[in-house]
Amino acid sequence: MGRVSEALGRRGFLGLAGGAGLAAVVGCGADAGAGSSAAAQPKQGGRLRAVYAGGGAKEVLDPHVQSLFVDIARHKAMYEKLVELGPDLKPVPRLAAKWEHDGTATTWRFSLRDATFHDGGKLVAEDVLYSLSRIADPKVPERVAQSSLATLDLKRSKAIDPATVELVLTAPNAEFPTLLAGIGTQIVRNGFKDPTKPVGTGAFKYVSFEAGRSLVATRYDDYWDEPARIEELHILSADAEARANAVQGGQAEYANDMTATFARTAEAGRTVRIVAAKASMMQAFVMKVDQPPFDNPDVRLAFKLLADRQRLVDVVLAGRGEVGNDLFGKGYQYYPADLPQRERDVDKAKALLAKAGLAGKQVEIFTADASAGFVEAATLFAEQVAEAGVRLKVTTGSPQTYAKDLLTKGAIGNHRSGAMTIPQYFTDRLLSNSPFNVTHWRRPEFDSAFAAARAVTSEQERSAKYGVLQKTLRDEGGILAWGLPDYLVAVSAKVQGVQAVPPNTLDQGRFDKVWLA
Amino acid sequence: MRLVAMPYAVQRTLLAVVQLAVLSVLVFVLTSLLPGDAAELRFTETLTPEQVAALRVELGLDQPAPERFVHWLRDVLTGDLGTSLISGGPVAGIVRNSIGATLVLTLATLAVVVPLAVALGIVMGTRENGRIDRAISSVTLALSAIPDFVIAVVLVAVFSLRLGWLPATWVGGDLLSSPALLILPVAVLFGRTVCLLSRQVRAGTVAALNADYIIQARRLGVPRRQLLLRHVLPNAAVPGVQELARTGDTLLGGVLVVEAIFAIPGFATALVDGVETRDIPTVQGLTLVLAVAALLINLAADLTCNRLVPRTALLR
């Protein structure tokens with residue numbers, strides 16, 4: 001029964017929307033949401049089923065214990081943060097309508113929006129303070145934002161009035177609003193104890209949840225930011241193959257994180273459209289700067305000069321991406337766009353390698369099937385390095401432990417990163433005490449320069465200071481960022497209003513803004 | 001007959017309990033040998049090493065492995081399968097949530113496979129080496145030679161994506177409102193099992209038809225239909241029933257592939273998830289349930305054979 005009506009619905013749509021409408025639909029991209037034709041007028045009602053990579057029993061309903069995309073998407077439907085990130089990873093107001101600091105970026109005041117929780121309660125400053133203290137609870141180590149919000153001094157933070165909260169830091173930080181936009185920073189109700197009964201301020205109200213399978217939620221009619229158009233939202237879990245089949249077979253209307261191979265086949269058909277957030281991820285090789293042979297800056301530079309970036313992008317990313325310039329965060333706030341693109345120069349690399357005494361030697365690259373394209377990239381890069389007379393031996397490890405192994409095994413390995421702010425990337429990966437310092441880049445002067453830059457209150461000055469640090473990294477650091485993959489989402493042809501923006505930003509997976517044509 | 005069967009059943013059950021004990025130790029040891037533990041695997045950019053260390057203490061992973069095993073064993077003997085290291089919920093809950101889909105899938109497959117395989121087996125066996133026998137043999141053999149995932153991918157491509165007749169995955173669907181979800185998975189599992197089972201029934205039929213007492217009965221003029229139903233079929237069924245028990249194991253392998261391709265939240269999926277996240281209590285619990293199930297199926301098969309043809313038990 002259901003199948004038949006769905007099939008008819010799809011055929012009906014294709015019949016009606018032919019010509020101009022279809023052309024607009026097929027031309028994928030950022031303008032999908034702001035369509036100008038009459039056919040693109042938002043419609044009310046309907047059910048949207050979105051499929052994400054699942055995590056089985058690992059999936060959680062507690063918004064402060066998330067790390068999987070599927071969890072983040074589910075929590076986003078029901079909960080909100082004070083601040084979110086825009087498409088360029090700049091902070092944008094959400095539950096906090098605006099904020100200001102004391103001039104030193106140490107004491108911050110956030111003005112709260114007139115929002116209500118699903119149980120009818122009004123959002124007040126106490127809710128914010130409670131949420132932050134719940135995140136910081138040392139007895140629950142898996143509350144993910146604990147380290148990023150560690151400089152928050154909760155004892156000195158307070159409610160000024162119901163609609164204003166004052167947050168005090170132990171050290172000045174001009175990036176504080178973006179930290180509040182990080183993973184696991186949702187605002188819950190004061191006294192929230194039971195994560196299995198979600199009550200947030202988000203656009204959808206909780207109906208049911210089954211780990212590894214589904215979340216069902218319905219529209220929250222009193223949502224402060226224009227109630228959703230769809231009536232019901234299902235967020236489901238499935239691996240890549242099943243996601244592809246589901247969105248093509250009409251069992252889901254939205255499939256997150258699709259492969260380039262799928263995109264090619266999908267675009268040949270008419271039922272599915274690909275929304276590509278251009279160059280919003282990073283694929284890199286990481287060299288440990290404290291280990292031979294990469295403790296020699298000449299060798300690091302030689303390897304950077306040996307990468308045939310375009311070929312890596314064409315082969316490993318199937319052409320869906322751009323070449324990288326050995327830096328994280330292209331297109332984001334603070335990215336030094338004026339640095340010249342690194343080009344391949346085998347002769348110069350050869351000379352550097354000869355000087356370093358590495359010609360004819362063997363280096364081991366540690367990889368694993370932990371992320372699409374890792375092993376392929378390592379293998380292809382080994383061929384490119386061989387042209388300069390250095391053998392790169394590919395060693396493949398266990399995909400499940402790769403994140404940790406990368407820190408300890410091999411002198412060079414694969415690394416990828418999703419979207420986050422550039423200062424966040426620095427904090428997580430490039431400071432002496434960073435938990436995920438994959439290149440072992442540890443320079444006290446770099447740390448202090450970064451801390452100083454972060455405290456600068458003028459955005460322009462701060463940007464210039466970050467730029468200097470990034471230039472140092474590009475020239476001397478261990479990150480060989482060769483490619484910037486597109487982030488691919490597949491939607492059924494009847495879904496409108498999906499934005500092509502990087503993951504972890506406000507408009508990614510914003511199901512309150514989409515509608516079914 | 002009861003007197004013969006009971007000690008045999010008891011003996012078999014005791015053997016199975018020993019097997020179960022060995023198995024649970026093996027599973028524990030083998031999963032302990034996997035690189036990383038449940039805390040470590042949660043190590044991502046979002047957790048610091050200090051948080052991971054705290055997590056390890058919280059999960060009890062800082063205790064030595066033998067100690068953890070003894071704890072687990074004590075709990076199991078009191079009927080408690082323990083707590084998942086990943087979800088923090090009871091393992092029994094994971095078993096309960098995942099067993100339904102797998103059971104439905106397996107039973108639906110058997111409901112299709114058994115009658116068809118028996119019918120095909122008898123048709124083939126009564127026409128040994130005839131044209132029909134060879135035709136059916138070739139088709140079923142060919143079918144069983146194609147890997148499950150190939151059949152699955154082709155069926156999905158044709159019947160779901162091209163023709164749009166059947167759902168391609170279980171994502172977003174539930175069995176109650178759309179039983180059609182079962183058709184493609186069962187079709188895949190069917191290919192894997194029907195050949196093996198029908199061949200055993202065929203072999204049994206051929207053997208029975210060529211037995212001296214049947215030849216004698218035929219000489220005495222017993223009608224063919226009566227001969228087949230009363231004398232040939234019970235004997236022919238014995239290898240079939242034994243094969244059916246083995247089909248359980250074969251099916252499990254197929255179910256794993258089928259569950260992955262069709263995104264069915266079943267037992268195999270839960271087991272793979274458990275291994276991938278090093279959720280040892282969950283892996284242990286699921287394995288234990290599977291082992292008990294396999295034991296019961298084989299026991300039932302042996303008792304059934306014994307009932308069909310009592311001499312088989314004496315022959316052992």
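About the criteria used
- Per-chain numbering applies: the sequence of each chain, read as written, is numbered from 1 onward.
- Lettering of chains starts at A and numbering of ligands starts at 1, both following the order in which they are written.
- In keeping with the model being predicted, local features are shown solely for residues with a pLDDT of at least 70 and side-chain atom pairs are shown and tallied solely at 80 or more, while totals for entire chains, interfaces and linings include all residues.
- Neither water nor hydrogens contribute to the side-chain values; these are computed over all heavy atoms in the structure.
- Labels follow the DSSP assignment, with helices taken as runs of H or I lasting at least four residues and strands as runs of E lasting at least two, numbered in each case from the N terminus.
- Between the two quantities, the radius of gyration covers C-alpha atoms and the globule rule is 2.2 Å times the number of residues to the power 0.38.
- Any residue under 20% of the maximum accessible area for its type is buried, any over 50% is exposed, and the rest in between are partly exposed; the area is computed with a 1.4 Å probe on protein chains only.
- In this description, one arc is meant: the one made by directions from the helix axis to the C-beta atoms.
- A pair of Phe, Tyr and Trp rings is counted when the ring centres sit within 6.5 Å of each other, with Trp represented by its six-membered ring. The angle between the planes then sorts it: under 30 degrees is stacked, over 60 is edge-to-face, the rest tilted.
- In short, DSSP must find at least two bridges between two strands for them to pair.
- The axes are straight lines fitted to the C-alpha atoms, using for helices just the contacting stretch, and the angles between their N-to-C directions are given from 0 to 180°.
- In this analysis, two residues are considered to be in contact whenever any of their non-hydrogen atoms come within 4.5 Å of each other.
- UniProt positions are given in the numbering used here, feature names are shortened, and annotations may be inferred rather than shown by experiment.

Asker: Quick question: what am I supposed to make of the overall build of chain A here?
Answerer: Looking only at helices and strands, one finds 15 helices and 21 strands in chain A. What you see for chain A is a C-alpha radius of gyration of 24 Å, in line with the 24 Å of a compact globule of 517 residues. Seen through its C-alpha atoms, chain A measures out along the principal axes to roughly 70 × 60 × 40 Å. Burial analysis of chain A (517 residues in total) assigns 56% to the buried set.

Asker: Looking at this structure, I do not really get helix 11 (residues 267-276) of chain B. What am I missing?
Answerer: Owing to its 3.6 residues per turn, the α-helix brings residues three or four apart onto one side. Residues and elements named next belong to chain B. Where helix 11 is concerned, the buried positions are Phe267, Ala268, Ala270 and Gly274. In a view along the axis of helix 11, the buried residues occupy a sector of 160°, so they form one face of it. Positioned one or two residues after helix 11, Arg278 has a phi angle of 60°, which is positive.

Asker: Is there a simple way to explain the packing of aromatic side chains in this structure?
Answerer: When we look at a pair of aromatic rings, we describe it by the centre distance and by the angle of the planes. Applying the stated criterion to the full structure yields 25 aromatic pairs over all chains. A ring pair is formed by A:Phe285 and A:Phe381, whose centres lie 4.4 Å apart and whose planes are at 15°; its orientation type is stacked. Placement of A:Phe285 in strand 13 (residues 282-287) and of A:Phe381 in helix 11 (residues 374-386) is noted, with a sequence separation of 96 residues between them. A relative accessible area of 0% means that A:Phe285 is categorised as buried. Between B:Phe159 and B:Trp165 the ring centres are 6.1 Å apart and the planes differ by 40°, which places this aromatic pair in the tilted class. Ring-pair connections join several aromatic residues into one group, and the members of that group are A:Tyr334, A:Phe426, A:Trp441, A:Phe446, A:Phe450 and A:Tyr466.

Asker: I would appreciate a short explanation of the sheet that holds strand 4 (residues 96-101) of chain A in the present structure.
Answerer: Backbone-to-backbone hydrogen bonds pair the strands of a sheet. The strands run either parallel or antiparallel. All names here are of chain A. If you trace the four strands from one edge of the open sheet to the other, you get 4-5-7-6, paired in antiparallel fashion. Both outer strands of the open sheet, strand 4 and strand 6 (152-161), are each paired with one neighbouring strand and no more. Strand-to-strand twist in this sheet, taken as the mean axis angle between neighbours without regard to direction, amounts to 20°. Here strand 4 pairs with strand 5 (residues 107-112) via five bridges, running antiparallel. Paired with Glu100 across the bridge in strand 5 is Arg109. Of the strands in this sheet, strand 5, strand 6 and strand 7 (164-169) are in contact with helix 4 (residues 125-136), which crosses strand 6 at around 170°.

Asker: Help me understand the pairing of strand 17 (residues 412-417) of chain A, please; the structure alone is not making it clear to me.
Answerer: The side chains of a regular strand alternate, residue by residue, between the two faces of the sheet. Residue and element names in this part refer to chain A. Counting buried residues in strand 17 gives five out of six residues, a clear majority hidden from the surface. Relative to strand 17, strand 13 runs antiparallel, the two sharing six bridges. Across the sheet, Phe285 pairs through a bridge with Asn414, a residue of strand 17. Relative to strand 17, strand 15 (residues 362-368) runs parallel, the two sharing two bridges. Across the sheet, the residue bridging to Phe366 is Gly413, located in strand 17.

Asker: How should I be thinking about the UniProt feature "domain: Solute-binding protein family" (unreviewed entry) in chain A in this particular structure?
Answerer: Feature annotation in UniProt assigns "domain: Solute-binding protein family" (unreviewed entry) to the following positions: residues 90-432 of chain A. The distance separating the terminal C-alpha atoms of residues 90-432 of chain A is 25 Å; by composition the span is 26% helix and 25% strand.

Asker: Help me understand unusual backbone geometry, please; the structure alone is not making it clear to me.
Answerer: Trans is the prevailing form of peptide bonds, just as negative phi is the prevailing case for residues other than glycine. Residue and element names in this part refer to chain A. Cis rather than trans, the peptide bond between Pro292 and Pro293 has omega equal to 0°. Its identity is not glycine, yet Leu89 carries a phi of approximately 65°, on the positive side. Assessed through its relative accessible area of 1%, Leu89 is described here as buried.

Asker: How do you make sense of the environment of A:Tyr335 when you look at a structure like this?
Answerer: Locating A:Tyr335 in the fold gives a position in the loop between strand 14 (321-323) and helix 10 (346-355). Among residues more than four places away in sequence, those in contact with A:Tyr335 are A:Asn325, A:Leu327, A:Phe328, A:Gly329, A:Lys330, A:Ile422 and A:Gln470.

Asker: I keep staring at the sheet that holds strand 17 of chain A and nothing clicks. Help me out?
Answerer: Residue and element names in this part refer to chain A. Strand order across the open sheet formed by six strands is 14-18-13-17-15-16, with mixed pairing between neighbours. Of all strands in the sheet, those with a lone pairing partner are strand 14 and strand 16 (391-397), marking the two edges. Across the sheet, the mean angle separating the axes of adjacent strands is 30° when strand polarity is ignored. Here strand 13 pairs with strand 18 (residues 479-485) via four bridges, running antiparallel. Counterpart to Phe285 in the pairing with strand 18 is Leu480. Together, strand 13, strand 15, strand 16, strand 17 and strand 18 form the strand contacts of helix 11, whose direction differs from that of strand 16 by roughly 170°. Here helix 13 (residues 422-429) sits on the sheet and contacts strand 13, strand 17 and strand 18; the angle it forms with strand 17, its principal contact strand, is near 145°.

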